[in-house]
Amino acid sequence: MILKHISMSVSVLVAFIGLSCDSSDPTSPPSTGTNGEKYAVYNKDNSIMTTNWVYSSAIESDGTVWITTQGGGVYRKKGSQWTKYTVESTDGGLTENSVTGVLIDKQNKKWFATNNYGVCTFKGDLWENKSAGIIDNHIRCLEIDSSGNIWVGTGKGAARYDGNGWTNFSHENSDLPQGEVRAIAVGADGSVYFGIYSALNDGGIAKLKGNTWTVYNRHTAPINDETYALCISSNGTLWAAGDTGVSCFNGSSWVLYNSNNVDDAMLAAGLNSIGAIALTSDGTVWFAGYGGLYTFSDNQWYRYTETRDGLPYTGVIDHIHIDNKGNKWLSTMSNGLFVYNKSGVK
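Parameters and conventions
- Residues numbered from 1 in each chain as written.
- Predicted model: local features only at pLDDT ≥ 70, side-chain atom pairs only at ≥ 80, totals over all residues.
- Heavy atoms only, no water.
- Helix = DSSP H or I, 4+ residues; strand = E, 2+ residues; numbered from the N terminus.
- Buried < 20%, exposed > 50% of the residue type's maximum accessible area, 1.4 Å probe, protein only.
- Salt bridge = Lys/Arg side-chain N within 4 Å of Asp/Glu carboxyl O.
- Pairing = 2+ DSSP bridges.
- Axes fitted to C-alpha atoms, helices over the stretch in contact; angles between N-to-C directions.

With that settled, the discussion passes to unusual backbone geometry. For aspartate 91, which is not glycine, the phi dihedral falls at a positive 55°. Within the secondary structure, aspartate 91 is located in the loop between β7 (81-85) and β8 (99-104). By relative accessible area, which is 63% here, aspartate 91 ends up exposed. A positive phi angle, near 65°, is found at asparagine 299, a position not held by glycine. One can find asparagine 299 in the loop between β26 (292-297) and β27 (300-303). On the accessibility criterion, asparagine 299 (63% relative accessible area) is exposed.

Given below as structure tokens:
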């Protein structure tokens, strides 16, 4: 999850009646390969998708799936019906075809993060450009808090949208460390955590609670200089992934998991390159990255494999979304979007 600060603005409104979008049924059902119903895959071969580089996905309460891609725009899958949204088909409503993230708010509005053109939203037939006043248009992550505020991480800091404009946070106007904000997480107490990547500075993690900042880095805690993903479990434990392993913080002490305390060499190597973290209702923490999927539950680590678990893909997984049926939606850079469930996709 991610945050930011300062500078107010008015949104630019773009309305469309009857959007011109590419839409069709997939030419074939999702592939299930040799593992039967343990997985499905959506890519160029069985859908209207024009790229296999998928950044992220989000799912509405009715099961409609939104998929964001590198260079291919946004795809909506509603049952068997596919719709494609691009800069061209929306007349600029979607501000860029490289869309790095998506979230759906309580009003069912879709928020899209783009690689170089800020943030835009879509609901019904209405597109809005929300980029005016934001600290930077290179959006690395999106998050929403319990009050409905939208938090974004950018190449120059973080920002919060309250419905009227952006408040921007950077190392120049706050204690947020200098660097890219690549992850954001919001705690139940309203605290916002930022994962920082910096090639020149310490990076680490910054916490904002009210107006008070707390910064954690390698000088003060066993954590990574480069933080790629954050997540907060139901018991309040903060999980952080970076270049030297996975850290967890229970509010008073830190533990860093890597080759020093994880016996499985392949699992330990995978923990050094985690790009996404997600939770299931039973408290299991799921990690996705190079080498596939890993879990932490009841103080035990587990590495998913093709042979043992039917995992369909063990390359780089950029993003994981877990739906209310327990299906894991796995975004990849070259093989499309996988849906995986060891007990069968539901």
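Let's shift gears to the pattern of salt bridges. A side chain of one charge can pair with a side chain of the opposite charge when the charged atoms of the two come close. In the structure shown here, the tally under the stated rule is 10 salt bridges. Two residues, glutamate 128 and lysine 109, come together in a salt bridge whose shortest N-O distance is 3.4 Å. A residue pair is termed long-range when its members are at least 10 positions apart, and glutamate 128 in strand β11 (residues 126-129) and lysine 109 in the loop between β8 and β9 (110-114) qualify at 19 residues. Side by side, glutamate 128 and lysine 109 carry an identical accessibility label, which is buried. One salt bridge connects arginine 218 with aspartate 225, and the closest N-O pair in it is separated by 3.0 Å. By relative accessible area, which is 46% here, arginine 218 ends up partly exposed. Judged by relative accessible area, aspartate 225 falls into the partly exposed class, the value being 22%. Three or more residues are tied together by salt bridges with common partners; here these are Lys109, Glu128 and Lys130.

What the 4 strands build is an open sheet, ordered β16-β17-β18-β19; its pairing is antiparallel. If you trace the sheet from one side to the other, it starts and ends with β16 (180-186) and β19 (212-216), each paired once. Taking the axes of each pair of neighbouring strands and ignoring which way they run, one obtains an average angle of 20° across the sheet. Across 5 bridges, strand β17 (residues 192-197) lies against strand β18 (residues 204-209) in antiparallel orientation. Its bridge partner lying in β18, isoleucine 196 is registered against glycine 204.

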